[in-house]
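Understanding the architecture of this molecule
Here is how the chains run, residue by residue.
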Amino acid sequence: MNNDRKPVVISYAASKVGKLDQTRFEHEILADVVIDAVGTAGLDKTDIGSAVFTAPTPATRQRAFATFMASRLGLHCQGQIAEVSNLGITGGLAFEQACADVAGGRARVALALGIEYSSAVDAATMMEQGIRAAGDVNFQTPFGLTPIAWYALDADRYLYETGTTRRDLAAIAVKNRQHAMLNPLAQFQTPLTVADVLEQPTIVEPLGRYDVPARSDGAICLVVTSEVVARGLGKPFLRVLGRGFSHDGRHQVGSSPHDITDFPAARQATATALEDAAVSLEQVDVAELYAPCTITEALVVEAIGLAEKGRGALAAGAGETAIGGRIPVCTSGGCLSRGHPPGLTALYGIAELFDQLLHRAGKRQVAGAGLGLHLCELGNYNAALAHVMDAGN
Amino acid sequence: MEIIKVPKRLSIVPEYSAFSDTFRQGLAAGKFMTTTCSSCGNMTFPPKQHCSDCWSAEMEWTELSGNGILYARTTIHAAATQFHGEVPFSVGIVDLEEGVRLVTGLLDDPVRINNDAAIRLVILSYEDGLLFAARPA
Ligand SMILES: [Zn+2]
């Protein structure tokens, strides 16, 4: 890569995750966010060569949203205008595509952005689409597995094999709520106890309402430019040191028996990113994960080596993965409490590392955070995308 | 394999290609079929026109015993619109004795099937199509 074109995040702007203002159109809300993000960077709209959008959800009325939005913002782009999508790594792919345009000299500034505005559609209707993504549409979908039901299968086997309890898993929800209470962008900020988690109704056994994500809207724009441009602007920036991707050739379940609690794609993507960055896992100070359910965080921290096998949930209960602990995980509050607009979650995760590594995370700041890991992944749907990052100025 | 009549309509009717229709015809005849690669011996479910391991198109249809164990299970309380009439319902991952893994519904009321317990596949004949399920062996 041309060193002058190393891509960095120079700024971001985002709406608080939750329920967006129903009296406004999606493009109106996102325009505010884009103008805020670009202005914060000290850049102008004429600097923007690419805008990579997360593909809008089926709830979005305006189709061809990316090119429509480019017209609303009056963007004249020579890099690309695109919508990208692949379930949980959607935001990560938008980010990478923006970085690639900067690195390749196709754009001086590239935006990675999106809006999810689906809280007006009820969960059962959303799942009509979701069940067709979560498994083979002809040989698995007719059994009615919802997206979350697949995580419940992971949880069932995990509890059975490790002796971990629902109470142990609940500690992950509680830990993430404590983080979210310190995050102005978080959807859920009221105190939460293990007892609160345990007394919720079952959604998919053994997971209750607070073990699984709520419905969330969000809007976010990351501004990516080159390190040279960032230095010229005299602002600190977030730098990508390493990247890793993996898909292990299965979708939910393979044709033959395998350990569904293992998440090999997450492990491989993380190992590749660390190697690419020439750092070790022990050097990572803060990790932001795409973990929609309590069980997912338990399995992912084990898969990537932040906790020993069988200790993924116990590590949260012991405070090891809390702010101030051995390795803080999901300092934003994560999917469960920061909130989970799925296509945007990875962009919110990278934004959290921006705040942590630039030491502007306020009360949730991880002291001395120098190296961050971002991992977005699809569990057993498969595919994982990891980035190792630090700050520069 | 046992065929159980279910006097209602499917929530979602499975669709079959010209190739995979052999599986449906097997169910109708009381057989649970899948494909094995003639080139590398890989047996997979769902049945495939090409081997996902070696990409050979030389696939043979094989009948399976329907005997296996339950690997993992869940009971779904919040379902997609199409399944509202069914909740709560149970599904699981099953490993058949031939070394094939699949996902299926569980007939475990009143006897709950636990992980690693023996199961037997049965064929469910709905008013508008066929499906399969696991029940205690
Ligand atoms: Zn083969």
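Whatever comes next refers back to the structure up there.
Residues numbered from 1 in each chain as written. Chains lettered and ligands numbered in written order. Predicted model: local features only at pLDDT ≥ 70, side-chain atom pairs only at ≥ 80, totals over all residues. Heavy atoms only, no water.

1. Overview of helix α1 (residues 21-28) of chain B
Residues and elements named next belong to chain B. Every buried residue of α1 is accounted for by Asp21, Phe23, Gly26 and Leu27. Where α1 is buried, its residues contact β1 (3-5), β2 (32-37), β4 (59-64), β8 (118-126) and β9 (129-136). Just beyond α1, the residue with positive phi is Gly30, at close to 80 degrees. (Buried < 20%, exposed > 50% of the residue type's maximum accessible area, 1.4 Å probe, protein only. Helix = DSSP H or I, 4+ residues; strand = E, 2+ residues; numbered from the N terminus. Contact = heavy atoms within 4.5 Å.)

2. Describing the pattern of salt bridges
Think of it this way: side chains of opposite charge can pair up when their charged atoms draw near. All names here are of chain A. In the structure shown here, the tally under the stated rule is 25 salt bridges over all chains. For the salt bridge of Arg364 with Asp355, the shortest nitrogen-to-oxygen distance reads 3.3 Å. Each of the two residues, Arg364 as well as Asp355, counts as buried. Shared partners join several salt bridges into a network, and the residues in it are Glu227, Arg231, Arg239 and Asp390. (Salt bridge = Lys/Arg side-chain N within 4 Å of Asp/Glu carboxyl O.)

3. A look at unusual backbone geometry
Note the cis peptide between Glu205 of chain A and Pro206 of chain A, where omega equals 5 degrees. Here Pro206 of chain A is to be found in the loop between β5 (202-204) and β6 (207-208). Of the consecutive residues Asp109 of chain B and Pro110 of chain B, the connecting peptide bond is found in the cis state with omega at 15 degrees. Relative to the assigned elements, Pro110 of chain B resides in the loop between β7 (101-106) and β8. Positive phi is not limited to glycine here, since Gln252 of chain A has a value of about 70 degrees. Positive phi values are uncommon outside glycine, yet Cys330 of chain A reaches one of about 55 degrees. Mapped onto the fold, Cys330 of chain A is located in the loop between α11 (312-317) and α12 (334-337).

4. What about the interface of chain A and chain B?
Residue-level contacts link 35 residues of chain A with 43 residues of chain B. Buried area between chain A and chain B, summed over both chains or domains, comes out near 3,200 Å², and the portion from carbon and sulfur atoms is 61%. For chain A, the biggest contributors to the area lost against chain B are Phe139, Phe143 and Ser255 of chain A; these three give 24% of the whole. Seen at the junction of chain A and chain B, the total is two salt bridges. (Buried area = accessible area lost by both parts, 1.4 Å probe.)

5. Here's the deal with the sheet that holds strand β3 (residues 80-84) of chain A
Consider a sheet: its strands pair through backbone hydrogen bonds, and that pairing is either parallel or antiparallel. All names here are of chain A. Spatial ordering of the open sheet is given by β3-β2-β4-β7-β1-β8-β11-β10-β9, a layout of nine strands whose pairing is mixed. Where the open sheet ends on each side, the last strands, each with one partner, are β3 and β9 (286-289). Adjacent strand axes in the sheet meet at a mean angle of 25 degrees, parallel and antiparallel pairs treated alike. Two strands pair when backbone bridges link them, and strand β4 (residues 109-116) and strand β7 (residues 218-226) are joined in this way by eight bridges, in the antiparallel orientation. Paired with Leu113 across the two strands is Cys221, which belongs to β7. Sitting on the sheet, helix α1 (residues 26-41) touches β1 (7-14), β2 (48-54), β4 and β7, and the angle it makes with β7 is about 35 degrees. Packed onto the sheet, helix α13 (residues 345-357) meets β1, β2, β4, β7, β8 (237-246), β9, β10 (371-377) and β11 (384-392) and runs at close to 175 degrees relative to β10. (Pairing = 2+ DSSP bridges. Axes fitted to C-alpha atoms, helices over the stretch in contact; angles between N-to-C directions.)

6. A word on the packing of aromatic side chains
What characterises a pair of aromatic rings is the spacing of the ring centres plus the angle enclosed by the ring planes. Applying the stated criterion across every chain, the model contains 16 aromatic pairs over all chains. On the numbers, 5.9 Å between centres and 80 degrees between planes, the contact of Phe139 of chain A with Tyr16 of chain B is edge-to-face. Of the two residues, Phe139 of chain A is situated in the loop between α4 (123-133) and α5 (147-162) and Tyr16 of chain B in the loop between β1 and α1; the pairing between them involves two chains. We classify Tyr16 of chain B as partly exposed; its relative accessible area is 23%. Centre to centre, the rings of Phe139 of chain A and Phe45 of chain B are 5.6 Å apart; their planes meet at 90 degrees, and the pair counts as edge-to-face. (Phe/Tyr/Trp six-rings, centres within 6.5 Å; stacked < 30°, edge-to-face > 60°.)

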